[in-house]
Amino acid sequence: QVQLVESGGGLVQAGGSLRLSCRASGRTFSSSYDMGWFRQAPGKAREFVAVINWSGGRTYYADSVKGRFTIARDNASNMVYLQMNSLKPEDTAVYYCAARSSADYYWRSSTYESWGQGTQVTVSS
């Protein structure tokens, strides 16, 4: 079983920055896992934000965050980060860290096996 714990959310003004962190642990967690970030705004479905492969050599982003958000990982400490710059009010959501051992369809939440509890990000206008 893999445990994921997010931190770093908060309230920020539009144009500001936040860095989210996700700590992974558990007997079955492997640094070979892909790690992703999703978000869910009130009344909306959970949506893909970004993913990074096991080595950190490949990253993919949703079009809505491309050029503003950066995902990174530190396998030595089992950490994943999401640096969010130029935040907009529409980025307001609960952000979730997720892990998976598969390799296909990275944008589909159903391909991720483990999830964190989420951290709230609120961007004021």
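Preceding this section is the structure that the text describes.
What comes next concerns the included structure. (Residues numbered from 1 in each chain as written. Predicted model: local features only at pLDDT ≥ 70, side-chain atom pairs only at ≥ 80, totals over all residues. Heavy atoms only, no water.)

Evaluation of the coordinates by the stated rule reveals one disulfide. The disulfide partner of Cys22 is Cys97, and the gap between their sulfur atoms is 2.1 Å. Between Cys22 and Cys97, the S-S dihedral sits near -80°, and the bridge is therefore left-handed. Placement of the pair is Cys22 in strand 3 (residues 18-25) and Cys97 in strand 9 (residues 93-100), with a sequence separation of 75 residues. Side by side, Cys22 and Cys97 carry an identical accessibility label, which is buried. (Disulfide = S-S within 2.5 Å. Helix = DSSP H or I, 4+ residues; strand = E, 2+ residues; numbered from the N terminus. Buried < 20%, exposed > 50% of the residue type's maximum accessible area, 1.4 Å probe, protein only.)

In this section: the sheet that holds strand 7 (residues 69-74). Reading across the sheet, the four strands line up as 1-3-8-7 and stay open at both edges, with antiparallel pairing between neighbours. Since the sheet does not close on itself, it has two edges, and those belong to strand 1 (3-7) and strand 7, each with one partner. Averaged over all pairs of adjacent strands, the angle between their axes in this sheet comes to 15°, without regard to strand direction. Bridge analysis of strand 3 against strand 8 (residues 79-84) gives six bridges, and the strand direction is antiparallel. Its bridge partner being in strand 8, Ser21 is matched across the sheet by Tyr81. (Pairing = 2+ DSSP bridges. Axes fitted to C-alpha atoms, helices over the stretch in contact; angles between N-to-C directions.)

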